[in-house]
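Topology and contacts: notes
The residues making up each chain are set out below.
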Amino acid sequence: MHASRGTQKRSAGLGLALLSAFAFGGSGVAAKPLIEAGLDPLHVVWLRVAGAALIMLPVAWRHRNLVRERPALLAGFGLFAVAGVQACYFAAISRIPVGVALLVEYLAPALVLGWVRFVQRRPVTRAAALGVVLAVGGLACVVEVWAGLSFDALGLLLALGAACCQVGYFVLSDHGGQEAKGREGHEGRGGDGGSVEPPPPLGVIAYGLIVGALVLTVVARPWGMDWSLLGGTAGMNGTGVPAWVLLGWIVLIATVLAYGTGVVSVRMLSPQVAGVVACLEAVIATVLAWVLLGEHLSAPQLIGGFTVLTGAFIAQSSAPKPPSGPVAAGAGAAAAAAESELSAGRASH
């Protein structure tokens, strides 16, 4: 019975992770025409996050107790998983191709392993180290270092910034669930036997979007935006598309649906597994940019992109696992925090 339920849960989680990857993968393709039509990248990010926050307001009100119970989690999710990822990514695609920006962003597993090895001072497996080497080598092909780094250096730095913020997305998405599991394990070994409910994922997303919108309002200063551009059209590889249609796609599909399915899938699977599936986002975005925007990548860049994703997969699936065994009395909170960090063997949007 339990095995059957576990299989069903895993299958549902994989389906949600795939849906999230497809939804996230289309964000850059819809956003770039708006940026090329004259909208500032930060204004597009603000429209995306603020629009999604408005849609999620009823959910935020329903889970208003989270503001008192989990203020740090909500603030972190808003700053890193929402504002940081989106601002860095959209600014990056205004300077470099969509596919390249996402492939750089998916160096995140290497960043997580670097954190585990050099900050937490825990050993990493040889397979994980190999994944890092492959990812970095693939990135060198993507940016064509032999051509004198022809890509915009600032654009690459912004994409790396998005990768750093992606670490926060997966760690914070899984944080509540891991914390609850750790506490339940402790209680089962002599506690009061009560259950600890993880924070509802939709509530975390709703408040994360609200925090992100507030932060981006200060940074983007939308009162200086040319709102008339939203009533016009944006060119998508020579074809005019209404700007409001692209914005609607970004808000509803690439933000509300993408974050909702993504966070739930992390809870149902684990950051490791969800992160591996999320690597498909880079492939989806690259293919869509090729078809819809005419952004053709050279053969070495395609090979490099495949190598980056292979390295990310190896690094992700070979991440250190949390130690098993009884949770020491008096150390339940510390063990839960360690689990939440170590289980996030990946990083990215």
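All residue numbers here refer to positions counted from 1 along the written sequence of the relevant chain. Per-residue local features are limited, in this predicted model, to residues with pLDDT of at least 70; the limit for side-chain atom pairs, both in listing and counting, is 80 or more; totals at the level of whole chains, interfaces and linings are taken over all residues. Just so you know, side-chain values use all the structure's heavy atoms and leave hydrogens and water out.

With that settled, the discussion passes to the overall build of the chain. What counts as a helix is a DSSP run of H or I of at least four residues, what counts as a strand is a run of E of at least two, and both are numbered from the N terminus. Secondary structure assignment for the chain yields 16 helices and two strands. Type-normalised accessible area, obtained with a 1.4 Å probe on protein chains alone, sets the label of each residue: buried when under 20%, exposed when over 50%, and partly exposed for intermediate values. With 349 residues in all, the chain has 52% of them scored as buried. Just so you have it, the chain exposes about 15,200 Å², and 68% of that area is on carbon and sulfur atoms. For accessible areas, the Shrake-Rupley method is used with a probe of radius 1.4 Å. Any residue's cover is judged against the shown protein chains and nothing else.

Before going further, it helps to examine the pairing of strand β2 (residues 239–242). Think of it this way: DSSP has to see at least two bridges between two strands before they count as a pair. Pairing of strand β1 (residues 233–236) with β2 involves four bridges; the strand directions are antiparallel. Residue pairing across strands places Met-236 opposite Thr-239, the latter belonging to β2. Connecting β1 to the antiparallel partner β2 that follows it, the hairpin turn spans two residues, and Asn-237 within it adopts a positive phi of roughly 55°.

Our next topic: the pattern of salt bridges. Any Lys or Arg side-chain nitrogen located within 4 Å of an Asp or Glu carboxyl oxygen qualifies as a salt bridge. Per the stated rule, a full pass over the model turns up three salt bridges. The partner of Arg-68 in a salt bridge is Glu-69, and the shortest N-O contact between them spans 4.0 Å. A salt bridge links Asp-152 to Arg-95, with the shortest nitrogen-to-oxygen separation between them at 2.9 Å. Taken together, the residues Asp-152 in the loop between α9 (126–142) and α10 (153–187) and Arg-95 in the loop between α6 (71–93) and α7 (98–105) connect sequence positions 57 residues apart. Among the residues examined, Asp-152 registers a relative accessible area of 25% and is labelled partly exposed. By relative accessible area, Arg-95 is classed as partly exposed at 41%.

Take the packing of aromatic side chains next. Each Phe, Tyr or Trp ring, with Trp reduced to its six-membered ring, pairs with another whose centre is within 6.5 Å; inter-plane angles below 30 degrees give stacked pairs, above 60 give edge-to-face pairs, and intermediate values give tilted ones. Scanning all chains against the criterion turns up four aromatic pairs. Measuring from ring centre to ring centre gives 6.1 Å for Trp-46 and Trp-227, while their planes differ by 90°; the resulting arrangement is edge-to-face. Of the two residues, Trp-46 sits in helix α3 (residues 41–55) while Trp-227 sits in the loop between α11 (201–220) and β1, which places them 181 residues apart along the sequence. The interplanar angle of 65° and the centroid separation of 5.8 Å between the aromatic rings of Tyr-89 and Phe-90 together place this pair among those described as edge-to-face. Here the two residues Tyr-89 and Phe-90 agree in accessibility, since each one is buried. Sitting above the plane of the Trp-61 ring, Arg-64 keeps its charged end 4.2 Å from the centroid. Here, a charge over a ring means that NZ of Lys or CZ of Arg falls within 6 Å of the ring centre while also lying within 35 degrees of the ring normal.

In low-pLDDT regions, the fine details of the predicted coordinates are not to be read closely. Every residue carries a pLDDT, the predictor's confidence in it, which falls somewhere between 0 and 100. Considering every residue of the chain, the mean pLDDT works out to 77; 75% of them sit at 70 or more. Taken element by element, the chain is modelled with least confidence in helix α16 (residues 332–342), mean pLDDT 37, and with most confidence in helix α4 (residues 57–62), mean pLDDT 95. Confidence drops under a pLDDT of 50 for residues 180–195, and excluding neighbours within four residues, the segment shows 22 contacts in the predicted structure. A contact between two residues is defined here by any heavy atoms of the two lying within 4.5 Å. Low confidence marks residues 322–349, where pLDDT is under 50. Its contacts with residues over four positions away, or in another chain, come to 75 contacts.

The next point concerns the environment of Ala-81. Assignment of secondary structure puts Ala-81 in helix α6. For the pair Ala-81 and Val-167, spaced 86 residues apart in the sequence, the C-alpha separation amounts to 8.1 Å. Setting aside anything within four residues of it in sequence, one finds Ala-81 in contact with Gly-76, Gln-86, Cys-165, Tyr-169 and Tyr-259.

Among the nonpolar cores identified, the biggest contains 81 residues, and Leu-34, Val-44, Phe-77, Tyr-89, Tyr-169 and Leu-209 are the most heavily contacted of them. With 12 residues, α6 is the largest single contributor of residues to this core. With residues near it in sequence (within four places) discarded, Tyr-169 still touches Phe-24, Phe-77, Ala-81, Tyr-259, Gly-262 and Val-263. For our purposes a nonpolar core is just a set of buried Ala, Val, Leu, Ile, Met, Phe, Trp, Tyr and Cys residues, chained together by side-chain atoms within 4.5 Å.

Right, let's get into the state of the cysteines. Throughout, a disulfide means two cysteine sulfur atoms within 2.5 Å of one another. Taken as a whole, this structure holds zero disulfides when the rule is applied. The thiol sulfur of Cys-164 is not disulfide-bonded, and the nearest other cysteine sulfur, from Cys-165, lies at 6.8 Å. Given a relative accessible area of 47%, Cys-164 falls into the partly exposed group. As a non-bridged cysteine, Cys-165 has Cys-88 as the owner of its nearest cysteine sulfur, 4.9 Å distant.

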